[in-house]
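# Coordinate inspection notes
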Protein chains: 4
Amino acid sequence: MIRVGIMGATGYTAIEAIRILLRHPHVELMAATSRQAGGTALGDLHPQFNGRTNLMVEDLTPQETAERCDLVLCCLPHAASAPIVTELLAHGARVIDLSADYRLSARELYEHWYGVSHPDPGRIGSVPYGLPELFHDQIAGAKLVANPGCYPTSAILPLAPLIKHQLIETDMIIVDAKSGVSGAGRSPKLTNLYSEVNESVAAYSVGAHRHQPEIVDVLERFTHHKPHIVFTPHLIPMDRGILSTIYVRPTDGASANQIRECLATFYSDQPFVRVVPHLPATKHVIHTNYCDIAVRESDGWIVLLSAIDNLVKGASGAAVQCMNIMNGWDQTTALFD
Amino acid sequence: MIRVGIMGATGYTAIEAIRILLRHPHVELMAATSRQAGGTALGDLHPQFNGRTNLMVEDLTPQETAERCDLVLCCLPHAASAPIVTELLAHGARVIDLSADYRLSARELYEHWYGVSHPDPGRIGSVPYGLPELFHDQIAGAKLVANPGCYPTSAILPLAPLIKHQLIETDMIIVDAKSGVSGAGRSPKLTNLYSEVNESVAAYSVGAHRHQPEIVDVLERFTHHKPHIVFTPHLIPMDRGILSTIYVRPTDGASANQIRECLATFYSDQPFVRVVPHLPATKHVIHTNYCDIAVRESDGWIVLLSAIDNLVKGASGAAVQCMNIMNGWDQTTALFD
Amino acid sequence: MIRVGIMGATGYTAIEAIRILLRHPHVELMAATSRQAGGTALGDLHPQFNGRTNLMVEDLTPQETAERCDLVLCCLPHAASAPIVTELLAHGARVIDLSADYRLSARELYEHWYGVSHPDPGRIGSVPYGLPELFHDQIAGAKLVANPGCYPTSAILPLAPLIKHQLIETDMIIVDAKSGVSGAGRSPKLTNLYSEVNESVAAYSVGAHRHQPEIVDVLERFTHHKPHIVFTPHLIPMDRGILSTIYVRPTDGASANQIRECLATFYSDQPFVRVVPHLPATKHVIHTNYCDIAVRESDGWIVLLSAIDNLVKGASGAAVQCMNIMNGWDQTTALFD
Amino acid sequence: MIRVGIMGATGYTAIEAIRILLRHPHVELMAATSRQAGGTALGDLHPQFNGRTNLMVEDLTPQETAERCDLVLCCLPHAASAPIVTELLAHGARVIDLSADYRLSARELYEHWYGVSHPDPGRIGSVPYGLPELFHDQIAGAKLVANPGCYPTSAILPLAPLIKHQLIETDMIIVDAKSGVSGAGRSPKLTNLYSEVNESVAAYSVGAHRHQPEIVDVLERFTHHKPHIVFTPHLIPMDRGILSTIYVRPTDGASANQIRECLATFYSDQPFVRVVPHLPATKHVIHTNYCDIAVRESDGWIVLLSAIDNLVKGASGAAVQCMNIMNGWDQTTALFD
């Protein structure tokens with residue numbers, strides 16, 4: 001039994017993390033913090049938890065949180081997160097950071113894309129990237145893990161094995177991603193209003209989304225060439241789920257079957273990656289920690305399709321999976337709902 | 001005032017056509033046919049038309065329909081349509097065929113993709129393709145027009161001018177299209193049930209959709225090389241609208257600005273194509289006959305975004321636009337709602 | 001041709017009003033005002049109007065607006081609206097006020113429910129209520145019309161004739177209303193975010209919604225007894241549309257058939273009220289100015305069902321209908337889209 | 001560990017039951033039957049279960065199923081279910097029947113409302129109604145339990161205690177219920193197509209829905225008078241969830257507070273009923289076995305609001321709750337996901 005806390009308890013990733021932690025057999029939820037919502041019962045702030053927990057949301061400092069918890073899930077915005085993480089670590093807590101602050105391998109890359117000085121430059125580059133299917137051993141022994149972005153999870157899982165085994169060209173990769181709206185967060189914005197989003201689809205941040213360098217940065221670890229990724233996110237009228245449709249060129253002689261076989265073999269021992277024969281629908285993975293991947297051929301291109309729940313495998317499920325590994329538990333604990 | 005009929009009055013394209021025709025100042029709706037729904041008032045079959053028309057739905061033969069109408073919109077399934085069209089023409093009616101039967105330029109192509117013998121092989125290849133922005137003059141004098149498919153409209157409008165002006169490579173074009181569910185028709189099928197579609201997104205017919213050869217076939221008319229198109233349609237949880245995200249390689253030296261300029265110039269006199277600076281959302285075009293197009297650059301690729309209403313510009317609005325042209329009226333008549 | 005302006009051009013009712021006015025044959029849209037959006041082209045603020053109008057949104061005073069326009073649709077929030085309306089009238093413009101400021105018959109009622117002093121108490125009680133089916137003649141000669149609330153329109157149209165003809169008891173009326181989210185306005189609020197609203201339904205303001213006294217106040221004009229109305233609004237996951245399910249007790253001897261007959265007769269000359277045999281769906285009335293009404297019997301109660309588009313018959317369509325009447329035009333002008 | 005089977009494995013209630021059973025610590029899923037889908041892997045029929053189970057769907061007889069299972073959840077349509085249940089019982093299996101076949105207390109009532117002869121008239125009236133909050137002890141010892149309908153669950157839970165304690169009048173109860181579309185089942189029907197349901201709301205079966213007599217029949221057990229219930233179901237555009245808005249008259253002197261207190265006390269030991277201060281949203285209960293209830297006052301009426309997930313507390317969650325009780329386990333086992 002370890003004591004776990006959540007910093008930043010108001011958003012959608014926090015809600016999903018709480019939902020999973022409340023059913024986790026080895027975890028006691030000891031703290032849920034929020035600056036604005038401090039003093040409210042968690043079951044009042046998020047009525048779905050009414051009756052499930054008596055925990056109060058509190059405006060705790062990182063030190064207070066670290067004193068009460070062995071491990072903290074940090075659900076704060078980028079740039080705000082790193083200073084908190086630093087303090088949590090200084091006071092002895094292990095941390096899984098769901099922000100983007102520790103995902104990239106170089107300070108310059110972070111500062112270029114996020115437009116701010118990195119608040120904890122000494123650590124950047126040495127923090128494991130919390131994708132257990134690829135970085136299990138680094139996660140196992142870590143004090144701090146950088147939880148992956150939702151789009152990168154959906155893109156890296158199908159691409160990394162193929163790049164590693166040189167089955168696809170790295171200079172021509174197109175990721176066309178479709179996401180539910182919960183990925184845009186819970187702050188009131190015109191663009192996320194129901195009547196703006198419903199019955200509509202649009203791309204956003206074309207050629208300029210911060211998950212593009214994250215995908216490139218992680219994939220580069222599997223090849224000698226920096227991959228070229230065109231990444232186009234779209235907002236579609238659903239609450240949760242991401243489907244990434246990925247267009248790649250096979251290297252000479254690589255067939256769709258070989259590519260499928262490569263993925264199936266690579267993930268054969270992984271409980272949360274399913275290489276499926278049918279075309280994946282997000283319907284089949286939402287509320288689960290699965291990533292479903294399919295392979296198709298089209299006019300000389302390989303089309304990879306990859307479906308996750310952005311709040312589970314794309315955020316809080318992945319965090320709990322990392323937490324399970326960091327504590328030596330079966331990585332699926334509390335993740336087959 | 002011309003007399004217009006609709007054959008196949010039960011589906012979504014027919015409903016949309018009726019909606020537009022009822023407000024058309026130069027048209028009298030004289031017939032709405034259906035095999036199953038014959039004998040029902042149109043206002044009972046589709047209660048939105050209650051009070052707008054007293055027309056009865058009837059199970060009319062093509063000859064009966066042609067005797068009553070100067071022009072017929074044929075909203076029947078492929079293969080079923082051509083024999084009816086043949087008879088309508090034989091009895092003197094002009095026809096706009098919303099099925100796929102006359103869209104392709106060669107019988108073999110049709111028979112390969114549709115898996116049936118073409119019922120009217122003599123005409124195939126000589127019927128104008130009903131995209132007025134590209135084939136206005138052929139449409140103007142036609143007795144029969146082949147109304148374009150919804151996906152092809154959204155792909156051909158941004159691509160044709162760029163191919164014609166050799167601003168993009170034709171051997172590497174990826175069309176990733178997202179469609180609302182009305183495009184799948186009104187026949188009860190498990191895959192179109194609300195609880196299957198809602199809160200889900202999936203690709204379908206990857207590398208095998210019949211609109212792929214239609215796009216290739218039409219674009220080929222603007223170049224010396226047969227273009228290579230990877231086409232991936234997706235079903236997303238909304239009623240109407242298509243967004244096509246199209247990835248192309250610029251030819252040497254062509255910039256995003258040049259490409260945007262080319263499209264803006266090409267369509268400067270076209271009332272229904274808007275080359276817009278913002279990223280198009282289907283929200284802005286549904287219930288209109290517009291196609292909104294934007295251009296972006298991403299890592300050496302050009303990303304074209306194109307939004308239409310699949311039932312209006314992608315079907316019945318286009319048909320009325322053709323009808324306006326065939327009759328010498330302003331092509332926007334009844335199309336600015 | 002009259003010159004028309006819109007004050008408060010950013011919200012959903014303004015968007016719908018603009019859409020209708022742009023197709024109106026006797027109207028020229030001369031002004032669209034907004035404090036925040038002044039200086040933007042209307043086609044940039046609302047991209048659906050791109051290419052339809054070159055009008056600029058401006059931060060105009062009421063006097064400037066009145067000088068440019070014969071008639072103004074005022075789409076401002078309650079309490080903010082009346083002072084503007086006062087000035088518009090003073091400078092010679094006729095006004096249709098879409099806020100609640102002039103709907104109620106007594107200042108005290110307004111001040112009790114809206115919690116503010118009425119900014120123009122002299123006029124309250126003498127302004128026609130803009131429901132042409134009930135108050136046509138007062139509207140015809142008015143300088144100022146109070147456009148009805150969306151819920152009241154859906155409740156009053158089925159109830160008023162039955163109360164007038166004493167076919168239902170007035171002391172026991174339950175209005176259970178279901179509304180799309182556009183009725184909640186376009187200001188960013190947590191409760192209107194897509195991920196809060198989608199896949200959920202809830203009641204709100206039970207026993208405390210400001211449309212309850214509006215319904216009572218207007219219905220009282222048709223009887224000697226102040227009616228008792230229990231009104232419960234619900235938010236459901238759709239963009240537009242209201243269905244009101246209304247439970248009433250028939251007076252002695254009144255049958256469902258008599259009640260249906262009463263409504264059918266009462267509205268027989270009204271182009272926008274349809275007494276229908278089937279159960280109304282909002283699908284059949286959205287994007288139209290119709291109100292569909294059905295009558296059923298259940299265990300001694302009469303169940304009235306009433307469907308409108310909250311933005312058309314429940315707001316801007318009704319306003320244009322009033323405008324048509326105020327100008328002596330056919331009241332359906334521009335309203336059959 | 002008991003062996004459990006599902007008869008009729010293709011529909012939404014079966015899918016939800018399988019989801020819960022796969023995480024149940026005391027259950028082994030031994031059979032999933034289907035006439036049409038026999039021979040398919042369960043993980044192929046419902047891809048969400050891919051990797052979770054290797055079970056094959058089989059076309060088993062009741063006897064074969066009973067031989068393999070200690071307890072069977074019967075997810076078949078009414079009238080088809082009872083003959084199967086009879087055989088399952090005859091061969092020694094305990095059964096929870098999710099159809100309507102054993103819910104009503106009298107054969108005549110069943111035959112009147114369902115329009116067929118009851119296939120097992122001997123048992124009707126003696127089968128416990130599977131609402132553990134009201135009939136725990138009868139369920140505990142039963143061989144066969146009749147799982148409640150979804151609407152009745154949402155209506156009976158708030159009403160039964162108030163009727164029992166004579167706090168409300170029984171002759172004037174109005175239940176206005178709003179349901180997601182999964183309640184309509186998984187058979188392809190025009191009325192359940194996405195493009196028919198989305199962006200629309202309508203009532204159906206007004207005064208004629210089979211859940212009305214079920215509500216009356218069960219509530220009658222708590223009073224000396226047969227209650228009068230007006231029941232109006234509505235289909236709203238969401239996948240799952242039911243909100244019932246219930247209008248009742250308090251008996252003399254009963255206040256909203258007393259009524260709230262009565263419910264809170266009655267359900268104080270019940271883990272799945274929450275009497276909440278806020279207005280319940282289905283969002284807060286979907287994917288859970290909770291029923292959230294709130295009480296409001298409006299113009300002399302009491303408004304009860306009750307929210308459930310129609311597939312969980314309204315179907316398969318309730319069935320598992322009954323199964324837990326029938327086996328002497330904690331009734332919440334596997335139900336806090």
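Remember, it's a predicted structure, so these values are computed and weren't measured experimentally.

Enumeration according to the criterion identifies 60 salt bridges over all chains in this entry. Asp292(C) is the partner of Arg274(C) in a salt bridge, and the nearest nitrogen-oxygen pair spans 2.7 Å. Of this pair, Arg274(C) sits in strand E11 (residues 273-275) while Asp292(C) is found in strand E12 (residues 291-298), placing the two residues 18 residues apart along the sequence. Pair check on accessibility: Arg274(C) and Asp292(C) agree, each one buried. One salt bridge connects Arg3(D) with Asp70(D), and the closest N-O pair in it is separated by 3.0 Å. Taken together, the residues Arg3(D) in strand E1 (residues 2-7) and Asp70(D) in the loop between helix H3 (62-68) and strand E4 (71-74) connect sequence positions 67 residues apart. What makes Asp70(D) partly exposed here is its relative accessible area of 26%. One network of salt bridges, in which partners are shared, links Glu16(A), Arg19(A), Arg240(A) and Asp309(A).

The transform that puts chain C on chain B rotates by 180° and translates by 0.0 Å along the axis, for an RMSD of 0.0 Å. The transformation just described matches what one would write down for a two-fold rotation axis. Of the C-alpha atoms belonging to chain C, the one lying closest to the rotation axis is found on Asp337(C), 2.8 Å away. When the interface residues of chain C are mapped onto chain B, 100% of them are again interface residues, pointing to one common binding face.

We now examine the sheet that holds strand E3 (residues 57-58) of chain D. Strand pairing in a sheet relies on backbone hydrogen bonds, with the paired strands running either antiparallel or parallel. All names here are of chain D. Within the open sheet, the six strands sit side by side as E3-E2-E1-E4-E5-E6. Their pairing is parallel. Two strands in the sheet have a free side with no partner beyond their single neighbour: E3 and strand E6 (144-146). With two bridges connecting them, strand E2 (residues 27-33) and E3 associate as parallel partners. Counted as the bridge partner of threonine 33 is glutamate 58 from E3.

Residue and element names in this part refer to chain D. The mixed open sheet is built from seven strands, whose spatial order is E8-E9-E7-E10-E13-E12-E11. Every interior strand has two partners, whereas the edge strands, strand E8 (202-203) and strand E11 (273-275), have only one. Note: E11 against strand E12 (residues 291-298), three bridges, orientation parallel. When the sheet's bridge partners are listed, arginine 274 is paired in E12 with aspartate 292. Here helix H10 (residues 256-266) sits on the sheet in contact with strand E7 (168-179), strand E10 (242-250), E11, E12 and strand E13 (301-308), set at roughly 165° to E12.

Now for the relation of the copies chain A and chain B. Structural alignment of chain A on chain B gives an RMSD of 0.0 Å, achieved by rotating through 180° and translating 0.0 Å along the axis. Interface overlap between copies: 100% of the residues of chain A at the interface are likewise at the interface in chain B, consistent with a symmetric, same-surface contact.

Moving on, we come to the packing of helix H7 (residues 150-164) of chain D against helix H9 (residues 211-219) of chain D. Residues and elements named next belong to chain D. Running from N to C, H7 and H9 cross one another at 30°; their axes reach a closest spacing of 9 Å. With respect to each other, H7 and H9 are oriented roughly parallel. Relative to H9, the crossing made by H7 is right-handed. Residues Cys150, Tyr151, Pro152, Ala155, Ile156, Leu159, Ala160 and Ile163 of H7 lie in contact with H9, whose contacting residues are His211, Glu214, Ile215, Val218 and Leu219. When the residues that make up the contact of H7 with H9 are grouped by side-chain class, the tally is eleven nonpolar, one polar and one charged.

Another aspect to go through is the domain arrangement of chain A. Residues and elements named next belong to chain A. The domains assigned to chain A are domain 1 (2-127) and domain 2 (150-310). Inter-centroid distance (C-alpha atoms) of domain 1 to domain 2 is 26 Å. If you look at the interface, domain 1 gives 14 residues, while domain 2 gives 14 residues. Carbon and sulfur atoms supply 49% of the area buried between domain 1 and domain 2, which totals about 1300 Å² over both sides. In terms of surface lost to domain 2, no three residues of domain 1 exceed Tyr12, Arg103 and Trp113, which account for 48% of the buried area on that side. The tally of links between domain 1 and domain 2 comes to two salt bridges. Salt-bridge contacts for arginine 103 lead to glutamate 214; the nearest nitrogen and oxygen are separated by 3.0 Å. On the surface where domain 1 and domain 2 come into contact, there are six residue pairs in polar contact (both at pLDDT 80 or more). For the side of domain 1 that touches domain 2, the secondary structure elements donating two or more residues are helix H1 (12-22) and helix H5 (107-114).

Residues with a pLDDT of 70 or more make up 100% of chain A, whose mean pLDDT is 97. The complex prediction reports pTM at 0.97, with the ipTM value standing at 0.97.

With respect to the element layout, Ser182(D) can be found in the loop between E7 and helix H8 (194-197). Every residue in contact with Ser182(D), bar those within four places of it in the chain, is listed here: Ser195(B), Tyr12(D), Asp239(D), Arg240(D), Asn310(D) and Leu311(D).

Before going further, it helps to spend a moment on unusual backbone geometry. Most peptide bonds take the trans form, and the phi angle of most residues other than glycine is negative. Located in the positive-phi region is Gln166(B), a residue other than glycine, with phi close to 55°. With respect to the helices, strands and loops of the structure, Gln166(B) is situated in the loop between helix H7 (150-164) and strand E7 (168-179). Phi at Ser205(C) is positive, roughly 50°, even though this residue is not glycine. Owing to a relative accessible area of 31%, Ser205(C) belongs among the partly exposed residues under this scheme.

With 21 residues of chain C in contact, the opposing surface of chain B contributes 21 residues. Note on chain C versus chain B: buried area summed over both sides is about 1800 Å², and carbon and sulfur give 47% of it. When the area that chain C buries against chain B is broken down by residue, the three leading residues are Pro47(C), Arg52(C) and Asp337(C), summing to 27%. Across the contact surface, chain C and chain B share two salt bridges. Across the pair Lys283(C) and Asp239(B) runs a salt bridge whose closest N-O atoms are separated by 3.5 Å. Our enumeration of links across chain C and chain B arrives at ten residue pairs in polar contact (both at pLDDT 80 or more). Along the lines of polarity and charge, the residues of the side of chain C that touches chain B split into six nonpolar, seven polar and eight charged.

Reading guide: rules and limits
- Residues numbered from 1 in each chain as written.
- Chains lettered and ligands numbered in written order.
- Predicted model: local features only at pLDDT ≥ 70, side-chain atom pairs only at ≥ 80, totals over all residues.
- Heavy atoms only, no water.
- Salt bridge = Lys/Arg side-chain N within 4 Å of Asp/Glu carboxyl O.
- Helix = DSSP H or I, 4+ residues; strand = E, 2+ residues; numbered from the N terminus.
- Buried < 20%, exposed > 50% of the residue type's maximum accessible area, 1.4 Å probe, protein only.
- Least-squares fit on C-alpha atoms with pLDDT ≥ 70 in both.
- Contact = heavy atoms within 4.5 Å.
- Pairing = 2+ DSSP bridges.
- Axes fitted to C-alpha atoms, helices over the stretch in contact; angles between N-to-C directions.
- Parallel < 35°, antiparallel > 145°, perpendicular 65-115°, else oblique.
- Left-handed = near helix turned anticlockwise from the far one by under 90°.
- Nonpolar A, V, L, I, M, F, W, Y, C, P; charged D, E, K, R; others polar.
- Domains from an automatic or database assignment.
- Buried area = accessible area lost by both parts, 1.4 Å probe.
- Polar contact = N/O pair within 3.5 Å; in protein donor to acceptor, adjacent residues only side chain to side chain.
- pLDDT = per-residue confidence, 0-100.

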